[in-house]
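# Coordinates in review
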Amino acid sequence: MIDNLPKFFWKIHSGLPREGPGDNESTRKAYEMLKNLPEKPRILDVGCGPGMQTIELAKLSRGQIVALDFHKPFLEQLKETIQEEELTDIIKPVKGDMFNIEYSDGSFNVVWSEGAIYIIGFEKGLQEWRRLLASKGYVVVSELTWLRHDMPEEVNEYITHEYPAIKTLEENIEVVQKSGYRLLDSFVLPVKSWWDNYYGPIEAKLSSLKARYSDYEEAMQVITMHEIEIEMFRKYSDYYGYVFYVMQIE
Ligand SMILES: C[S@@+](CC[C@H](N)C(=O)[O-])C[C@H]1O[C@@H](n2cnc3c(N)ncnc32)[C@H](O)[C@@H]1O
C-alpha cells in the first residue's frame, strides 16, 4: 500500500513527531497495565514509524525492543533519536513487513502496535501475531473505533469510505476474545493527542506547502485530502477515535 502513495504524500509525512495520533502518557498508561513481565522484556513494536512510542517503551521497560517498519526514512529518523537518547543497546530498528514477520514463535513478551494494525487488519493482525508471544504474553494496539452508534451520515460515509473495516468497541472486543486473548482493559486516546502530536504538526506544514505548490494539481489533491480528514475530526471527534486495547493470551 505504501508504494502506491503519491510522491508528494511524503513531503507531508516526513519529519513529523508521529505518524498517527498518540501520546507518551497513553503509551505509559497501557504499559503499566502489563504485570509480571521479565526484568528485561522482549518487545516488538510493529509499524513503529518515527518511533515516539518506541522511545517511551524503551524508557519504561529497559528491555530489548525490535522496532519494525517498512519505510526506511522513518527508521532513519528513529535511529537519530535513539542515538540522541542513548538507547542504542535497547532499541533495534529493523526494516520488515508486518504481513510476514520473520521472528520465530514465542520470541516476544509483548507485541505493541500504535495506529498500525489496521494495515494488516485488526483481526488478522491479532491472529497472526499471536504465535510471536511467549507464555502469558501481551498484545497492545491502538485501533480506529466508532465511539458512538448514532453517527451523522456525513461522518459515517467519510469514515466507512476511508476505513471500511472500522468497528465499534463492542465488536472489537468480540474479535479480541475470538482471537484467543483476554482483554485486560481498553481506553480512548485523548482528543488532545491527535492535535498535539499529529494533526497540529501536519497543519503547520500544510499552510507553507500550499503556498509553494499551488500550481501542482497532484500536490493540491494530497493537501485537500489531508484538510478534509482534519476537518472531519474537528467536527466529529465525539464519534470516532483511537482505542487502546490491552490484551493477554489465554
Ligand atoms: C499510521 S503509521 C503509525 C506509526 C507509529 N506507530 C505512530 O503511532 O506514530 C503506520 C506505520 O506502519 C508502517 N507500515 C505500513 N505498511 C507496513 C508493513 N507492511 N509492514 C511494516 N510497517 C508498515 C508505516 O510505514 C507507518 O510507519
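Now for a quick tour of the structure. (Residues numbered from 1 in each chain as written. Predicted model: local features only at pLDDT ≥ 70, side-chain atom pairs only at ≥ 80, totals over all residues. Heavy atoms only, no water.)

## Observations regarding the packing of aromatic side chains
- All told, the structure shown has 20 aromatic pairs when counted by the stated rule.
- With centroids separated by 5.9 Å and ring planes inclined at 80 degrees, the aromatic side chains of tyrosine 118 and tyrosine 163 adopt a geometry described as edge-to-face. On the criterion of sequence distance, the pair formed by tyrosine 118 in the loop between strand 4 (108-114) and helix 5 (122-129) and tyrosine 163 in the loop between helix 6 (153-162) and strand 6 (167-168) is long-range, its members being 45 residues apart.
- Take tyrosine 118: its relative accessible area is 34%, and that puts it in the partly exposed class.
- Taking the centre distance of 6.5 Å and the plane angle of 90 degrees together, the rings of tryptophan 146 and tyrosine 240 count as edge-to-face. (Phe/Tyr/Trp six-rings, centres within 6.5 Å; stacked < 30°, edge-to-face > 60°. Helix = DSSP H or I, 4+ residues; strand = E, 2+ residues; numbered from the N terminus. Buried < 20%, exposed > 50% of the residue type's maximum accessible area, 1.4 Å probe, protein only.)

## Thoughts on the environment of threonine 81
- Counting through the fold element by element, threonine 81 comes out in helix 4 (residues 72-84).
- Taking the C-alpha atoms as reference points, threonine 81 and methionine 52, separated by 29 residues in sequence, lie 9.0 Å from one another.

## Details of the nonpolar core
- In terms of nonpolar packing, the biggest core is built from 52 residues, with Ile91, Trp112 and Tyr240 touching the most fellow members.
- Ranked by residues supplied to this core, first place goes to helix 9 (residues 217-236) with seven residues.
- Residues contacting tyrosine 240, with those up to four places away along its chain left out, are Leu144, Thr145, Trp146, Leu147, Val155, Ile159, Trp194, Glu229, Met232 and Phe233.
- Counting residues in each nonpolar core, the second largest holds 26 residues, with Met98, Leu133, Val175 and Val176 among its members. (Core = buried A, V, L, I, M, F, W, Y, C linked by side-chain atoms within 4.5 Å. Contact = heavy atoms within 4.5 Å.)

## So, helix 9
- Look at helix 9: 28 Å from first C-alpha to last across 20 residues, which is about the 28 Å you get at 1.5 Å a residue.
- Within the span of helix 9, buried status applies to Ala219, Val222, Ile223, His226, Ile230, Met232, Phe233 and Tyr236.
- In the core, the buried residues of helix 9 are packed alongside helix 1 (9-12), helix 6, helix 8 (191-212) and strand 8 (240-249). (Expected span 1.5 Å × (residues − 1).)

## Here we look at the site of the ligand
- Close contacts around the ligand come from 20 residues, with Arg18, Gly47, Asp69, Met98 and Glu114 the closest.
- Interatomic distance of 2.9 Å between a backbone N/O atom of glutamate 19 and an oxygen atom of the ligand.
- Take glycine 49: an N or O atom from its main chain is 3.5 Å from an oxygen atom of the ligand.
- Computed on the free molecule, the ligand has an accessible area of 600 Å², of which 94% lies beneath the protein chains in the complex.
- A breakdown of the residues in the shell around the ligand according to their chemical character gives eight nonpolar, seven polar and five charged. (Near = heavy atom within 4 Å. Polar contact = N/O pair within 3.5 Å; in protein donor to acceptor, adjacent residues only side chain to side chain. Areas by Shrake-Rupley, 256 points an atom, 1.4 Å probe, with all protein chains shown as cover. Nonpolar A, V, L, I, M, F, W, Y, C, P; charged D, E, K, R; others polar.)

## Focus: a nonpolar patch on the surface
- Taken together, the side chains of Phe99, Tyr118 and Ile119 define a hydrophobic patch exposed on the protein surface, amounting to about 250 Å² of accessible area.
- Along the polypeptide, phenylalanine 99 turns up in the loop between strand 3 (91-95) and strand 4. (Patch = residues over 30% accessible without salt bridge, like charges linked within 9 Å, V, L, I, M, F, W, Y side chains within 5 Å. Salt bridge = Lys/Arg side-chain N within 4 Å of Asp/Glu carboxyl O.)

## Comments concerning the packing of helix 5 against helix 7 (residues 169-178)
- At a minimum axis separation of 10 Å, helix 5 and helix 7 run at an interaxial angle of 25 degrees. On the basis of their axis angle, the class for helix 5 and helix 7 is roughly parallel. Both helix 5 and helix 7 take part in a crossing whose hand is right-handed. From helix 5, Phe122, Glu123 and Leu126 reach across to helix 7, where they touch Asn172, Val175, Val176 and Lys178.
- Here the contact of helix 5 with helix 7 is composed, by residue class, of four nonpolar, one polar and two charged. (Axes fitted to C-alpha atoms, helices over the stretch in contact; angles between N-to-C directions. Parallel < 35°, antiparallel > 145°, perpendicular 65-115°, else oblique. Left-handed = near helix turned anticlockwise from the far one by under 90°.)

## Some remarks on the side chain of serine 193
- Among the structural elements, serine 193 can be located in helix 8.
- Residue classification places serine 193 among the buried residues on the basis of a relative accessible area of 4%.
- Among the polar contacts made by the side chain of serine 193, one reaches the side chain of aspartate 23 at a distance of 3.2 Å.

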